[in-house]
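Structure assessment
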Amino acid sequence: MGRMHNPPHPGEVLREFLPEGMTIENVARQIGVSRVQLSRVLNARSAISADMAIRLGLLTNTTPESWLSGQTKWDLWQASQKPRPPVAPLRRAA
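Residues numbered from 1 in each chain as written. Predicted model: local features only at pLDDT ≥ 70, side-chain atom pairs only at ≥ 80, totals over all residues. Heavy atoms only, no water.

**Brief notes about the side chain of His9**
Keep this limit in mind: Helix and strand definitions follow DSSP, with helices as H or I runs of at least four residues and strands as E runs of at least two, each counted in order from the N terminus. For each residue, the accessible area found with a 1.4 Å probe, counting protein chains only, is set against the maximum for its type, and the residue is called buried under 20%, exposed over 50%, and partly exposed in between. A contact between two residues is defined here by any heavy atoms of the two lying within 4.5 Å.
Tracing the sequence through the fold places His9 in the segment before helix 1 (10-17). Among the residues examined, His9 registers a relative accessible area of 1% and is labelled buried. When sequence neighbours within four positions are dropped, the list of residues in contact with His9 reads Val41, Ala44, Ser46, Ala47, Gln71 and Trp74.

Written as structure tokens, this is what we have:
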């Protein structure tokens, strides 16, 4: 795998979509989730679920896949910062 840089959490990306002065409360109501749930995503304390990705896609006129892909990249980068587990690759049967 190539050298990855630290990708932004999808919550950081979402912040850029939100109009200035729009409260978390308003956005949460608009997408039908709790303020706490949305706040956790915006503060990178919760992962984007498939359901949240669909809601954010509709809100921002983007694809759910783009939100899930961003979450996967962030998760992989976080995991890659830890020591590699000692896993031996499988041997293919002849």
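Now that the structure is up, let's keep going.
**Looking at the packing of helix 1 against helix 5 (residues 64-80)**
What counts here: Simply put, an axis is a line fit to the C-alpha atoms, just over the touching stretch for a helix, and the angle between two N-to-C directions goes from 0 to 180 degrees. The cut-offs work like this: below 35 degrees is roughly parallel, past 145 is roughly antiparallel, 65 to 115 is roughly perpendicular, and the gaps in between are oblique. Asp, Glu, Lys and Arg are counted as charged, while Ala, Val, Leu, Ile, Met, Phe, Trp, Tyr, Cys and Pro are counted as nonpolar; the rest, among them Gly, fall into the polar class.
The contact between helix 1 and helix 5 brings their axes to 9 Å, and the two run at 140°. With respect to each other, helix 1 and helix 5 are oriented oblique. For the pair helix 1 and helix 5, the contacting residues are Pro10, Val13, Leu14 and Phe17 in the first and Trp67, Gly70 and Gln71 in the second. In the contact of helix 1 with helix 5, the residues fall into five nonpolar, two polar and no charged.

**Concerning the packing of helix 1 against helix 3 (residues 35-42)**
Helix-helix packing is characterised by the crossing angle of the two axes and by the distance between the axes. As a packed pair, helix 1 and helix 3 sit with axes 7 Å apart at the nearest point and diverge in direction by 105°. Between helix 1 and helix 3, the interaxial angle falls into the category roughly perpendicular. In this structure, helix 1 uses Gly11, Glu12, Leu14 and Arg15 to contact helix 3, whose residues at the interface are Leu38, Val41 and Leu42. When its residues are assigned to classes, the contact of helix 1 with helix 3 shows four nonpolar, one polar and two charged.

**Structural notes on the packing of aromatic side chains**
Applicable threshold: Stacked, edge-to-face and tilted labels apply to pairs of Phe, Tyr and Trp rings (six-membered ring for Trp) whose centres lie within 6.5 Å, assigned for plane angles under 30 degrees, over 60, and everything in between, in that order.
Tallying each qualifying case throughout the model produces one aromatic pair. Arranged with centres 5.7 Å apart and planes meeting at 55°, the rings of Phe17 and Trp67 form a pair that is tilted. Placement of Phe17 in helix 1 and of Trp67 in helix 5 is noted, with a sequence separation of 50 residues between them. Classification of Trp67 by relative accessible area gives buried; the value is 4%.

**Observations regarding the pattern of salt bridges**
For clarity, the cut-off: Salt bridge, as used here: a side-chain nitrogen of Lys or Arg that lies within 4 Å of a carboxyl oxygen of Asp or Glu.
Throughout the structure, instances matching the rule amount to one salt bridge. When the shortest N-O distance is used, the salt bridge between Asp51 and Arg55 registers 2.8 Å. In this pair, Asp51 and Arg55 both sit in helix 4 (residues 50-60), four residues apart, roughly one turn of the helix. Given the relative accessible area of 41%, Asp51 is considered partly exposed. When its relative accessible area of 27% is taken as the criterion, Arg55 is described as partly exposed.

**A short note on helix 1**
The following threshold applies: The directions considered for the arc are those from the helix axis to the C-beta atoms.
For helix 1, the full list of buried residues reads Pro10, Gly11 and Leu14. Down the axis of helix 1, the smallest arc covering the buried residues is 95°, so these residues share one side. On its buried side, helix 1 packs onto helix 3, helix 4 and helix 5.

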